[in-house]
Structure formats: structure tokens, C-alpha cells
Amino acid sequence: MPSHLSRTALLASATALVALTATACGDGADAAGGGGKTQVRIAYQAIPNADLVVKNHRLLEKALPEAEVKWVKFDSGADVNTAVIAGSVDFALAGSSPVTKGLSAPLNIPYKVLWIHDVIGENEALVAKKGIGSVKALKGKKIATPFGSTAHYSLLAALDSAGLKASDASLVDLQPQDALAAWQRGDIDAAYVWTPTLTDLKKDGKVLVTSRQLAEQGKPTADLGVVTDAFAAEHPKIVDAWLKAEDQAVKLAKSDPDKAADAIGAELNLSPEAARKQLAQLVLLTADQQRGADYLGRPGAPGALAGNLHDAAGFLKAQKAIDAVPERSAFEKDLAVKELARVAG
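The structure contained in this document is the topic of the report that follows.

About the cut-offs
- Residues numbered from 1 in each chain as written.
- Predicted model: local features only at pLDDT ≥ 70, side-chain atom pairs only at ≥ 80, totals over all residues.
- Heavy atoms only, no water.
- Buried < 20%, exposed > 50% of the residue type's maximum accessible area, 1.4 Å probe, protein only.
- Helix = DSSP H or I, 4+ residues; strand = E, 2+ residues; numbered from the N terminus.
- Arc of directions from axis to C-beta.
- Contact = heavy atoms within 4.5 Å.
- 1 Å grid on protein atoms, 1.4 Å probe; cavity = no way out; pocket = protein on both sides within 12 Å on 5 of 7 lines; lining within 4 Å.
- Points joined across faces, edges and corners; volume = space filled by probe spheres on them.
- Nonpolar A, V, L, I, M, F, W, Y, C, P; charged D, E, K, R; others polar.
- Polar contact = N/O pair within 3.5 Å; in protein donor to acceptor, adjacent residues only side chain to side chain.

**Considering helix α7 (residues 176-185)**
Every buried residue belonging to α7 is among Pro-176, Ala-179, Leu-180, Ala-182 and Trp-183, and all of these are buried. All buried residues of α7 lie within an arc of 165° about the axis, which places them on one face of the element. Of the exposed residues in α7, those oriented more than 90 degrees away from the buried face are Gln-177, Gln-184 and Arg-185. For α7, the elements touching its buried residues are β5 (124-129), β6 (142-145), β8 (190-194), α8 (197-202) and β9 (205-210).

This is how it looks when you write it as C-alpha cells:
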């Protein structure tokens, strides 16, 4: 989705997008649950982290037997934002760049960052056709990435580190699966995407840089969990149950990665071995770890994630994807540190 679309344009297309996505997944996205049950609508993506363990093990369904839990699959954070604006989901997973865009004008989506699903590592990377041996060698080449995504942010950081501007290459806005098709046709020279598409590109391509390497250079990205302000205010106990389920899944992934990989593999149609390898490419954090100063932080002491979002806003403003860069204090207010404190002790 083009990054320059306004909130009004996003809202106009949201109903059709969510209806198509829900049909494809076999899940509904209706506002009201059946039998008078509270409906909990969760937007997820095919990312090999602990969120898929929560889904596969039905941890939230078990914790909320009186609620109706619906999982709806999306392909990108841009589509997730569209669904949230439409009022079609309550919890959602999106990358740090789309979340930053959502929290900034003109979208100004009323949601807050509740959880860090993962700090992105080797599961997002820049892959080039064989014969292209460095990022600098991409000058004049055609590179695909989903615009406004964490991968787009990382791509520009990689080009900058190599002394290149975005205008030194031809950047193409493609979702991962579309980038793979373009790669196979020979239409592009490189792509910055995430797994599982990344795995396919690596079969006959060369990894030039990963998001873990860029994070070490001061350009971290993450997959974040958000909850709408309205849902959080109306259903604090469900928010607590969601946080506890995510924390339980992360702890399982750390203590028994084979069991977690089985669940992730089942969700992504991967072998347990492939799923475990992809899981290991991410940095997962427990609720207690996320309360640290480097992440979400604590009430009265918001963490460094606010600064990361502020930096991402600078990137988005340069791309003309947002109207202005909010103050860091605005992002600090959007970190759900009180909610996290309720379950982390």
C-alpha cells in the first residue's frame, strides 16, 4: 500500500481489505461475538515468533473460556493499520515502522504498544542476486521491499551505511510474496524482506546485510504488539490474559525451543527443523525483560523503545509518509507500561 495514503483513504478501503483477508483465512472479523460473548479479534502475521505459539496452543482461548477469540492473518503492518482504523481488530502485530506511522499524523491511530513480539535479527535481510557482492554494488540496481515497513527502514539504513542514497538505486514497493515472484522472473536485482519469503530468496541469492547487523550499528527494528485504546479501557482483564499468554509462550520458546518450533512449524507449514532455525533468528523477551530500560520500561520510566520509534518517525517523515515527527514524549505516552506492570509484577 502506498505510504502517502491518508487516514481517510485508508478507512475507505479498509472494509473490503479486511473482508478479503478474513475470507482467505476462514476467520470472521465481525464486531459482535456469538452468544453474547466478548469477541477478541487478533491480527497476526506469518512471523516465526511466540505469537504463533499462543495461537497454535490456544493459550488465549484457554485463559478466556467466556470470550470468542478470532485470529485474522495479514501480510503487512500497513494492512494491519488499515484494519485497526476500520475497527476490525483489537490486538495486532505490526513492525516498528508501521506502528510509528500509525501513532503519527495523519493516521493518529488510537492504539498503544503493549508488547515486543521480537527484536528483528537474521529473519529480515537484504538479499541480492549472485554476482552482487556488497551493498555498495547495488548502485543503479532495482531493489524490492514493502514501503513503510521495518524492512524498508533497514534497507535505507543499509544504503546509507554504504554511502548510497535511496535515489542511487531503483526502489520498488512490493510485498514479500510479490518480491519473490519478481525475483523469480528476473525483474529485480535484490530484495529486503522477512521470513519465510527470505528463505526462498536465499536459495539462489546472497545475503548482504541482516537486520541484526544493522541493530548493532544503532538501527534496531522490532515486531510490536498493539491494543486499541478503547479495548484496553473496556477489557483490562482480557489485556492481562493476552499479556500472560504471550509471556508464557516466550518462556516456552526459551525453555523448550523444540516444542515451540513444532507449534510454529504447524502454523507456517514448515518442518520443525526449519521452524526452529527461523525462531533462533529472533530475539524474544519475557515480560520482565521488556520492563527494562532498553525496551518498554516501567510506569514513570518509559524505555528506549520510545526513542527507537522517534527515530523511525524521522525515517518516515523523510519518506513523506507522515506529516511531522512527534516528540519523543508522545511516543513515551503510547507505551503501555502500566498494563505490562500489572502482569510482570
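**Some thoughts on the layout of surface pockets**
Its volume calculated, the largest pocket comes out at about 290 Å³. What lines the largest pocket is a set of 14 residues, and nearest its centre among them are Ala-46, Asp-75, Gln-177, Pro-196 and Thr-197. A per-element tally of the lining of the largest pocket places α7 first, with three residues. Grouping the constituent residues of the lining of the largest pocket by class yields six nonpolar, five polar and three charged.

**Concerning the environment of Glu-267**
Among the secondary structure elements, Glu-267 is positioned in helix α12 (residues 257-268). It is 8.5 Å that separates the C-alpha atoms of Glu-267 and Lys-55, two residues lying 212 residues apart in sequence. If sequence neighbours within four positions are ignored, Glu-267 has contacts with Leu-52, Lys-55 and Asn-56. Within the structure, Glu-267 has its side chain in polar contact with the side chain of Lys-55 (distance 3.0 Å).

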